[in-house]
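Next come the chains, spelled out residue by residue.
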Amino acid sequence: MGSSIMKTPIMRPPLEAILFGFERIGMVIRIAWLPIVLVMVLYLGSFVLLGMGSLSDVDFSSDDPEAALEALGGSSSFLAGYVAICSIMPLIAMLLLSCVYVAIIRASTFANFEPPSLPFYFALGARELRYFVTRILYGIIVGVTAVIMAGLVFGAVGLTVVASEAVAGQAKALIIAPGVTLAIWIFLVWLWVALRLLLALPIAAIENRISFGDAWNMTKGNFWRLLISGALFVSVLQGVVFMLFIIFFIPAAIIIGLLAFAGFGVVGPVAFVLFALLALFLIPAIIALASFSVAAEAAFPARLYAYLTGCGDDCRIY
C-alpha cells in the first residue's frame, strides 16, 4: 500500500480520466451495452408489471380523468409497487453495472489490462460483489455524514439569524460573517470525509477487498490536492459533455426538424418519418455520450489510486 508521504498530482488525474473516456470509448461501449440493456429491460418490465397489477383497479373510462388519476394515487398497491421499484431497482442496477465499473477502473489503472474481446461483457463474481458492497457502504457513510453536517449547518444558520436580529447596523456583519464561515467549514468537513474515503472504490475493484481504512491512510495529507483535482475534473467533464451535446444533438435535431416541417407541406404527414431518423441517430449518440461519462467518472478515482500507490510503470496508461 502507498505510504502517507505519497502525493497525487492535481492536473494529471482529471485530464487522464477525460482522455481515457475518449480513447477507450469503443471498449467501454463493448463492455457496457449488455448490462445497460439488462437494466433497461428490468425497469421496463417492473413498470409493466406494476401497471398490470395496479391500473386494472382504476376506471379510466369515466368522464373525469382527474378522478381516475386521484384514484391511482390513492391505490395502496400502486404506491407500494412504486416504492419497491424506486428502492430495489437502483440496487439491482448498481449490482449489474458493477462489472462495467470494475472493468473500467482496472483498465484505466493498468495499461496491460484488457477485458475479453467479445461483442458483449458480463462478469459478476466475487470482485464485482465486493465493489458493489463497497459502493453501498461508501454511499451510506457519505449520506449519513451529509445529514449530520446539514443539521450542523442549519443549526449554525439558525443561531446566526437569531443573534443577528438582536443587533442593528454594522454589528450584524460581525455576527453573520462567523456564521457563514462556520457553515463553509462544516461543508468542507463533509467533503473531507467523502474524498478521504473515495479510494475505497478502486481498492475494491483492483485489489479485490473492502478496506476503508487503507483508503483513509492512502489519502492522508492529500485533501486539498484531491479537492482541487476533483473540482477540476467535474468542471472539465461537464464542459466536455455539454460541448458534445451541442455539437452532435442540437444541429441534428434542428436540421431534421426543419426538413420534416418543410416536407409536411409537400408530402403530408409522411414527412414526419424523418423524426424516426432522429431517433435512430440519438439512441447510439446517447449511448456513446453516457459511455464516455461513465468511463471518465470511473477512471478519475482509479488514476488517483495509481498515483497514491506509486505503482510506477505498471500504472502508466499514457
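Now for a quick tour of the structure. (Residues numbered from 1 in each chain as written. Predicted model: local features only at pLDDT ≥ 70, side-chain atom pairs only at ≥ 80, totals over all residues. Heavy atoms only, no water.)

**What about a nonpolar patch on the surface?**
Stage number 1. There is a patch of nonpolar side chains on the surface, built from V133, L137, I140, V144, I148, L152 and I210 and spanning about 570 Å² of accessible area.
Stage number 2. By secondary structure assignment, the location of I210 is in the loop between α7 (200-207) and α8 (212-218).
Stage number 3. Given a relative accessible area of 39%, I210 falls into the partly exposed group. (Patch = residues over 30% accessible without salt bridge, like charges linked within 9 Å, V, L, I, M, F, W, Y side chains within 5 Å. Areas by Shrake-Rupley, 256 points an atom, 1.4 Å probe, with all protein chains shown as cover. Salt bridge = Lys/Arg side-chain N within 4 Å of Asp/Glu carboxyl O. Helix = DSSP H or I, 4+ residues; strand = E, 2+ residues; numbered from the N terminus. Buried < 20%, exposed > 50% of the residue type's maximum accessible area, 1.4 Å probe, protein only.)

**Details of the nonpolar core**
Stage number 1. Core analysis: the largest hydrophobic core is formed by 58 residues, its most contacted members being F20, I104 and Y131.
Stage number 2. Examining the composition of this core, we find that 12 residues originate from one element, helix α10 (residues 274-309), more than from any other.
Stage number 3. Sequence-distant contacts of I104, defined by excluding residues within four places in its chain, comprise F20, V28, I31, V294, A295 and A298. (Core = buried A, V, L, I, M, F, W, Y, C linked by side-chain atoms within 4.5 Å. Contact = heavy atoms within 4.5 Å.)

**Structural notes on the environment of P14**
Stage number 1. Examined against the element boundaries, P14 turns out to sit in helix α1 (residues 12-23).
Stage number 2. A residue is classified by how much of its surface remains accessible, and P14, at 1% relative accessible area, is buried.
Stage number 3. Taking the C-alpha atoms as reference, P14 lies 9.3 Å from E297; in sequence the two are 283 residues apart.

**Some details on the pattern of salt bridges**
Stage number 1. Summed over the entire model, instances satisfying the criterion amount to four salt bridges.
Stage number 2. Linking E16 and R303 is a salt bridge whose minimum nitrogen-to-oxygen distance equals 2.8 Å. Of this pair, E16 sits in helix α1 while R303 sits in helix α10, and the two are 287 residues apart along the sequence. In terms of burial, E16 and R303 fall into one category: buried.
Stage number 3. R209 is the salt-bridge partner of E207, the closest N and O atoms lying 2.7 Å from each other.
Stage number 4. Several salt bridges share partner residues, and in doing so they unite R12, E16 and R303 into one network.

**Quick look at the packing of aromatic side chains**
Stage number 1. Taken as a whole and assessed by the stated rule, the structure comprises six aromatic pairs.
Stage number 2. For the pair W192 and W216, a centre-to-centre distance of 4.9 Å together with 75° between the ring planes defines the contact as edge-to-face. A residue pair is termed long-range when its members are at least 10 positions apart, and W192 in helix α6 (residues 171-196) and W216 in helix α8 qualify at 24 residues.
Stage number 3. With relative accessibility at 33%, the residue W192 sits in the partly exposed group.
Stage number 4. Directly above the ring of Y101 sits R135, whose terminal nitrogen or CZ lies 4.8 Å from the centroid.
Stage number 5. In this arrangement the basic side chain of R196 is found over the ring face of W216, its NZ or CZ atom lying 4.1 Å from the centre. (Phe/Tyr/Trp six-rings, centres within 6.5 Å; stacked < 30°, edge-to-face > 60°. Lys NZ or Arg CZ within 6 Å of the ring centre and 35° of its normal.)

**Here's the deal with the environment of A306**
Stage number 1. As for its position among the elements, A306 is in helix α10.
Stage number 2. Residue classification places A306 among the buried residues on the basis of a relative accessible area of 5%.
Stage number 3. Sequence separation of A306 and T8 is 298 residues, and the distance between their C-alpha atoms is 8.8 Å.
Stage number 4. Apart from the residues within four sequence positions on either side, A306 is in contact with T109, C311 and C315.

**Considering the environment of F122**
Stage number 1. With respect to the helices and strands, F122 occurs in the loop between α4 (76-107) and α5 (126-165).
Stage number 2. Remark: the alpha-carbon pair of F122 and L34, spanning 88 residues in sequence, is separated by 7.3 Å.
Stage number 3. Residue contacts for F122: discarding those within four places in its chain leaves L34, P35, L38, L96 and C99.

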